[in-house]
Amino acid sequence: MSVAIVMAVAEREGITPEELRPLHDVVDPDALDALCTTSEISVAFPYEGYVVTVTADEPIHLEKH
(Lines give C-alpha, C1' and ligand atoms only; values in the text may rest on other atoms or scores of the structure.)
Protein backbone atom coordinates (compact mmCIF):
# COMPACT_ATOMS: atom_id res chain seq x y z
CA MET A 1 0.00 0.00 0.00
CA SER A 2 2.78 2.43 0.85
CA VAL A 3 4.31 2.13 -2.64
CA ALA A 4 0.87 2.58 -4.23
CA ILE A 5 0.32 5.80 -2.26
CA VAL A 6 3.61 7.30 -3.43
CA MET A 7 2.84 6.26 -7.01
CA ALA A 8 -0.68 7.76 -6.84
CA VAL A 9 0.56 11.12 -5.53
CA ALA A 10 3.37 11.25 -8.08
CA GLU A 11 0.95 10.48 -10.90
CA ARG A 12 -1.52 13.11 -9.69
CA GLU A 13 1.28 15.70 -9.55
CA GLY A 14 2.80 14.64 -12.86
CA ILE A 15 6.21 13.94 -11.35
CA THR A 16 8.34 10.90 -10.61
CA PRO A 17 8.09 9.18 -7.22
CA GLU A 18 11.72 10.11 -6.54
CA GLU A 19 10.75 13.79 -6.52
CA LEU A 20 8.48 13.28 -3.51
CA ARG A 21 9.60 13.34 0.07
CA PRO A 22 9.93 9.81 1.50
CA LEU A 23 6.66 8.48 2.84
CA HIS A 24 8.40 7.31 6.00
CA ASP A 25 8.84 10.98 6.94
CA VAL A 26 5.10 11.17 7.70
CA VAL A 27 3.95 7.61 8.43
CA ASP A 28 5.50 4.23 9.20
CA PRO A 29 5.14 2.35 5.88
CA ASP A 30 5.40 -1.08 7.52
CA ALA A 31 2.64 -0.23 9.99
CA LEU A 32 0.51 1.22 7.19
CA ASP A 33 0.96 -1.91 5.08
CA ALA A 34 0.05 -4.10 8.07
CA LEU A 35 -3.06 -2.03 8.87
CA CYS A 36 -4.24 -2.21 5.29
CA THR A 37 -4.57 -5.98 5.47
CA THR A 38 -7.56 -5.43 7.77
CA SER A 39 -10.81 -4.86 5.92
CA GLU A 40 -12.36 -2.61 8.58
CA ILE A 41 -9.69 0.04 8.82
CA SER A 42 -9.55 3.69 7.85
CA VAL A 43 -6.29 5.63 7.95
CA ALA A 44 -5.80 9.29 7.02
CA PHE A 45 -2.64 11.38 7.03
CA PRO A 46 -1.16 14.43 5.26
CA TYR A 47 1.42 13.84 2.53
CA GLU A 48 2.80 16.24 -0.06
CA GLY A 49 -0.16 18.62 -0.01
CA TYR A 50 -2.81 15.90 0.08
CA VAL A 51 -4.82 14.20 2.75
CA VAL A 52 -4.35 10.53 1.95
CA THR A 53 -7.16 8.29 3.15
CA VAL A 54 -7.00 4.52 2.94
CA THR A 55 -10.16 2.50 3.59
CA ALA A 56 -11.52 -0.90 2.70
CA ASP A 57 -14.07 0.68 0.31
CA GLU A 58 -11.67 2.94 -1.57
CA PRO A 59 -8.06 1.79 -1.18
CA ILE A 60 -6.47 5.21 -1.86
CA HIS A 61 -8.30 8.53 -1.81
CA LEU A 62 -6.34 11.75 -2.37
CA GLU A 63 -7.79 15.10 -1.43
CA LYS A 64 -5.83 18.26 -2.19
CA HIS A 65 -5.07 19.97 1.11
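Every chain begins its residue count from 1, and numbering advances along the sequence as written. Reporting in this predicted model follows two pLDDT cut-offs: at least 70 for local features of residues, and 80 or more for side-chain atom pairs to be given and counted; totals over whole chains, interfaces and linings ignore these cut-offs and use all residues. The basis for every side-chain value is the complete set of non-hydrogen atoms in the structure, without hydrogens or water.

A. Quick peek at helix H1 (residues 2–13). Secondary structure follows DSSP: runs of H or I at least 4 residues long count as helices, runs of E at least 2 residues long count as strands, and numbering of each begins at the N terminus. Every helix has an expected span of 1.5 Å times one less than the residues it contains. Taking 1.5 Å of rise per residue, the 12 residues of H1 would be expected to cover 16 Å, and the 17 Å separating its terminal C-alpha atoms lies within 8% of that figure. Think of it in three bands: with a 1.4 Å probe and only protein chains considered, a residue is buried below 20% of the maximum accessible area for its type, exposed above 50%, and partly exposed in between. Taken together, the buried positions of H1 are Ser2, Ile5, Val6, Val9 and Ala10. The buried residues of H1 occupy an angular sector of 130° when projected down its axis, which confines them to one face. Pointing more than 90 degrees away from the buried face of H1 are the exposed residues Val3 and Glu11. Along its buried surface, H1 packs onto helix H2 (29–35), strand E1 (42–47), strand E2 (50–55) and strand E3 (61–64). The directions considered for the arc are those from the helix axis to the C-beta atoms. Contact criterion: two residues are considered in contact whenever any of their non-hydrogen atoms come within 4.5 Å of each other.

B. Quick look at the pattern of salt bridges. A carboxyl oxygen of Asp or Glu within 4 Å of a side-chain nitrogen of Lys or Arg is what we treat as a salt bridge. Considering all chains together, one arrives at two salt bridges under this definition. The partner of Lys64 in a salt bridge is Glu13, with the nearest N and O atoms 3.1 Å apart. Remark: Glu13 occurs in helix H1 and Lys64 occurs in strand E3; sequence separation between them is 51 residues. By relative accessible area, which is 53% here, Lys64 ends up exposed. Using a relative accessible area of 36% as the deciding quantity, one classes Glu13 as partly exposed.

C. Inspection of the side chain of Ser2 at higher detail. As for its placement among the helices and strands, Ser2 is situated in helix H1. Setting aside its immediate chain neighbours within four residues, Ser2 contacts Leu23, Pro29, Leu32 and Asp33.

D. Representation of the sheet that holds E3 within the structure. Strands pair, by our definition, only if DSSP identifies at least two bridges between them. With respect to topology, three strands assemble into an open sheet ordered E1-E2-E3, the strand pairing being antiparallel. Either end of the sheet is taken by a strand with one partner, and the two such strands are E1 and E3. Taking each pair of neighbouring strands and ignoring which way they run, the sheet shows an average axis angle of 20°. Bridge analysis of E1 against E2 gives six bridges, and the strand direction is antiparallel. Residue pairing across strands places Ala44 opposite Thr53, the latter belonging to E2. Orientation is described by lines fitted to C-alpha atoms, with helices fitted over the stretch in contact, and by angles between N-to-C directions that extend from 0 to 180 degrees. Helix-sheet contacts for H1 involve E1, E2 and E3, and the interaxial angle to E2 is about 140°.

E. The nonpolar core, seen in detail. To form a nonpolar core, buried Ala, Val, Leu, Ile, Met, Phe, Trp, Tyr and Cys residues must be joined to one another through side-chain atoms within 4.5 Å. One finds Ile5, Leu23, Leu32, Phe45, Tyr47 and Val52 to be the most contacted residues of the largest nonpolar core, which totals 15 residues. Broken down by secondary-structure element, the contributors of at least two residues to this core are H1, E1 and E2. The leading source of residues in this core is H1, at four residues. Not counting residues up to four positions away in its chain, the partners in contact with Leu23 are Ser2, Ile5, Val6, Leu32, Phe45 and Tyr47.

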